[in-house]
Amino acid sequence: MFTLLISLIIIFSALLVVLILVQNPKGGGISGEFSSSGATQMFGVQKTGDLVEQLTWGFSIAILVLVLVTNFTLSDTKETSTSVNVEKAASKTVPVAPAPVAPKQ
């Protein structure tokens, strides 16, 4: 289950990156760096519709939900440690320092 969730997160993240690069710049961003027509020619975008924007929001929300589900699935699995060192450290008690003795006068 965990591997499936992580795989979906990776796939949705890659698709989100592609969708963000395909979107029509609305000023600034990449278009400001490469001039007004350079960025659109570089990524092959002339004009994008509302579908790309809706897909961008959908993938970002899906990634958020998958990350939260992954977090809850990890917290539900309570694995006990079988390390010898951890068991030894848990069984040892911390010695209490003796009370200081007042010097005789």
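Residues numbered from 1 in each chain as written. Predicted model: local features only at pLDDT ≥ 70, side-chain atom pairs only at ≥ 80, totals over all residues. Heavy atoms only, no water.

Observations regarding the confidence of the model for the protein
- When pLDDT is averaged along the protein, the result is 75, and 68% of the positions lie at 70 or above.
- Per-element averaging of pLDDT across the protein places helix H2 (residues 29-33) at the bottom with 50 and helix H1 (residues 2-22) at the top with 91. (pLDDT = per-residue confidence, 0-100. Helix = DSSP H or I, 4+ residues; strand = E, 2+ residues; numbered from the N terminus.)

Some remarks on H1
- Here H1 spans 30 Å end to end across 21 residues, near enough to the 30 Å set by a 1.5 Å rise per residue.
- Within H1, burial applies to Leu5, Ile9, Leu16 and Leu19. Projected down its long axis, H1 carries its buried residues within an arc of 95°, all on one side. Counted as exposed and oriented over 90 degrees from the buried face of H1: Thr3, Leu4 and Ile10. (Expected span 1.5 Å × (residues − 1). Buried < 20%, exposed > 50% of the residue type's maximum accessible area, 1.4 Å probe, protein only. Arc of directions from axis to C-beta.)

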